[in-house]
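# A closer look at the structure
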Amino acid sequence: MDFALDEGQRLLLDALEGTVKRVSPPERVQRLDNLSAFDADLHRAIADLGVLGLGVPEADGGSGGGPLEQILALEVLGRTATSMAVFLVVHYIAMHLLLDFGNPAQRQAHLPALCRGERKFSFCLTEPGGGTDVLGAIRTSARRQGEGWRLNGTKQWISGAGIADQLIVLARTAEHRTRGLTMFLLPKASPGLRVAERATLGIHGYDTNEVAFEEVELPRAAVLGAANAGFQQVLATLNAERLHAAAVATGIGRGACQVAVAHAKSRAAFGRPIGQFQAVQHRLVRASLAVEAAWLLTLRAAGDAAAGRPAELNTSMAKLAAAEAAVQATQAGMETLAGAGFDLDLPMQRYFRDARLYVFAPITNDMVANFLGERWLGLPRSF
Ligand SMILES: Cc1cc2nc3c(=O)[nH]c(=O)nc-3n(C[C@H](O)[C@H](O)[C@H](O)COP(=O)(O)OP(=O)(O)OC[C@H]3O[C@@H](n4cnc5c(N)ncnc54)[C@H](O)[C@@H]3O)c2cc1C
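Quick caveat: nothing in here was measured; it's all calculated off a predicted structure. (Residues numbered from 1 in each chain as written. Predicted model: local features only at pLDDT ≥ 70, side-chain atom pairs only at ≥ 80, totals over all residues. Heavy atoms only, no water.)

## Some details on the packing of helix α5 (residues 82-101) against helix α6 (residues 104-115)
When two helices pack together, their arrangement is given by the angle between their axes and by how far apart the axes lie. Our working definition: For helices, the fitted line uses only the C-alpha atoms of the stretch in contact; every axis is such a line through C-alpha atoms, and the angle between N-to-C directions lies from 0 to 180 degrees. Labels follow the DSSP assignment, with helices taken as runs of H or I lasting at least four residues and strands as runs of E lasting at least two, numbered in each case from the N terminus. Here the angle decides the label: under 35 degrees means roughly parallel, over 145 means roughly antiparallel, 65 to 115 means roughly perpendicular, and every other value means oblique. Left-handed describes a crossing whose near helix is turned anticlockwise from the far helix through less than a right angle; right-handed describes the clockwise counterpart. Contact criterion: two residues are considered in contact whenever any of their non-hydrogen atoms come within 4.5 Å of each other. Nonpolar residues are Ala, Val, Leu, Ile, Met, Phe, Trp, Tyr, Cys and Pro. Charged residues are Asp, Glu, Lys and Arg, and all others, Gly as well, are polar.
At a minimum axis distance of 10 Å, the contact between α5 and α6 shows a crossing angle of 150°. It follows from the interaxial angle that α5 and α6 lie roughly antiparallel. You can see that α5 and α6 cross each other, and the crossing is left-handed. On the side of α5, the interface is formed by His91, Met95, Leu98, Leu99 and Phe101, while α6 contributes Gln106, Arg107, His110, Leu111 and Leu114. Residue composition of the contact of α5 with α6, grouped by class: six nonpolar, three polar and one charged.

What follows is the structure, encoded as structure tokens:
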């Protein structure tokens with residue numbers, strides 16, 4: 001198996017790293033995080049670079065490429081400007097849903113604008129009743145009214161709903177457990193729709209929200225693809241989401257390791273660099289190894305996805321390994337920086353907080369382990 005990047009991928013990587021360095025150096029990323037502000041300049045710059053259109057054919061307004069190019073971009077941003085990486089995960093979910101399930105009018109209306117960075121979407125699945133058992137928790141519903149629908153309910157912890165122009169919302173539309181859910185596309189400015197920002201532990205450069213719908217009127221054309229096909233559409237996005245989460249988590253882990261190793265070289269105690277102490281060295285070696293192993297799993301899974309091979313097991317392994325490696329690396333980073341780890345003007349505390357997201361999103365590590373126990377190890381289904 002060859003993990004070497006081709007020339008186009010290397011150029012993309014170099015161009016994105018250079019752009020982030022130029023537009024949003026670490027001090028600016030930290031300042032915006034402390035202000036809980038979205039980095040509009042970086043968003044524009046990555047749009048101009050074609051990063052927002054990766055995975056979309058040029059005929060649909062995108063910049064081509066596929067899963068491998070997407071994970072390269074996500075890893076760079078995870079490492080440097082994590083909130084923008086999380087924005088990109090949500091952006092790619094919306095893009096894939098439109099690409100795979102949108103009718104020609106929906107694709108035409110949204111994909112080119114999304115790829116150019118002129119429109120932002122949010123994806124509303126989780127509810128106050130729970131995110132893991134989506135089928136059991138979903139209370140948001142849409143009932144038919146004339147040609148269209150009326151939407152009622154509440155979604156919780158929705159990324160980017162504050163800055164989005166459009167939402168994709170999963171709602172119950174019939175009694176059947178799995179074939180009774182529909183995805184709707186709707187403008188955020190719809191009457192009856194309310195967004196309330198929630199304060200959360202991390203990802204401060206990208207807003208998290210409660211979104212409530214009260215008798216929101218939707219036209220027939222708001223249905224994404226077909227009515228009652230929503231659960232199958234959710235399942236179809238899971239592979240890409242797990243893969244993308246793995247890439248961002250790897251980026252966080254790498255960023256934390258790089259900062260920690262640099263600190264271990266420059267900080268002195270007892271007349272020598274702290275990186276000379278074995279306790280520090282071993283911790284950093286183990287964390288770096290876990291992160292690089294997770295990246296190899298992520299590359300393997302992306303290779304499967306790019307080649308159209310079944311990728312569920314490999315994306316699941318990558319997600320679990322990368323989420324755990326990010327937690328290990330940021331823990332090692334905090335221990336290595338000690339007091340400097342606590343400083344809100346330095347990046348380690350941000351990596352440490354942000355790494356927690358991928359322990360449970362888009363699916364919890366426990367649920368990924370359930371899936372792997374059953375489908376990889378052949379153990380009895382646990383839930
Ligand atoms: C910052 C942030 C951004 C988010 N962005 C979005 C978004 O854009 N869109 C969106 O729809 N959602 C979003 N979410 C929600 C996220 O996807 C959910 O938090 C996640 O799916 C887990 O759901 P939960 O929090 O309800 O946990 P729960 O489902 O309540 O789970 C709680 C615990 O129970 C465990 N558990 C449950 N069932 C089992 C089982 N069968 N076996 C073993 N353990 C089990 C879980 O692993 C977990 O440890 C976001 C959340 C946050 C905090």
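Next comes the rest of the account.
## Here we look at the domain arrangement of the chain
Going by this rule: Domain extents, as shown, originate in an automatic or database domain assignment. Buried area is calculated as the accessible area (1.4 Å probe) missing from two parts once they are joined, with the contributions of both summed.
Taken domain by domain, the chain holds domain 1 (7-119), domain 2 (122-228) and domain 3 (232-375). Each partner contributes residues to the interface: domain 1 has 19 residues there, and domain 2 has 18 residues. Across the interface of domain 1 and domain 2, roughly 1500 Å² is buried in total on both sides, 69% from carbon and sulfur atoms. For the domain 1 face of the interface with domain 2, the top three residues by lost area are Val90, Leu97 and Gln106, together amounting to 28%.

## Considerations on the packing of helix α10 (residues 312-337) against helix α13 (residues 365-375)
At a minimum axis distance of 10 Å, the contact between α10 and α13 shows a crossing angle of 140°. Relative to α13, the element α10 is oriented oblique. Handedness of the α10/α13 crossing: left-handed. Residues Glu312, Leu313, Ser316, Met317, Lys319, Leu320, Ala323 and Glu324 of α10 lie in contact with α13, whose contacting residues are Asn365, Val368, Ala369, Phe371, Leu372 and Arg375. Its residues placed into classes, the contact of α10 with α13 shows eight nonpolar, two polar and four charged.

## Section: the side chain of arginine 172
The cut-off we apply is this: The buried label applies to any residue whose accessible area, calculated with a 1.4 Å probe on protein chains only, is under 20% of its type's maximum; exposed applies above 50%, and partly exposed to all values in between. His is not counted here, nor are the chain ends, while Lys and Arg score as positive and Asp and Glu score as negative. Salt bridge criterion: a side-chain nitrogen from Lys or Arg within 4 Å of a carboxyl oxygen from Asp or Glu. Polar contact is the term for a pair of N or O atoms within 3.5 Å; when the atoms are in protein, one must be able to donate a hydrogen and the other to accept it, and sequence-neighboring residues count only if both atoms are side-chain atoms.
Within the secondary structure, arginine 172 is located in strand β4 (residues 166-172). Although buried, arginine 172 forms no salt bridge, and the nearest oppositely charged side chain, glutamate 175, lies 8.4 Å from it. A polar contact is formed between the side chain of arginine 172 and the backbone oxygen of histidine 176, at a distance of 3.0 Å. In this view, arginine 172 contacts Leu135, Ile138, Thr140, Ser141, Ala142, Arg177, Gly180 and Leu181; residues no more than four positions away in its chain are not counted.

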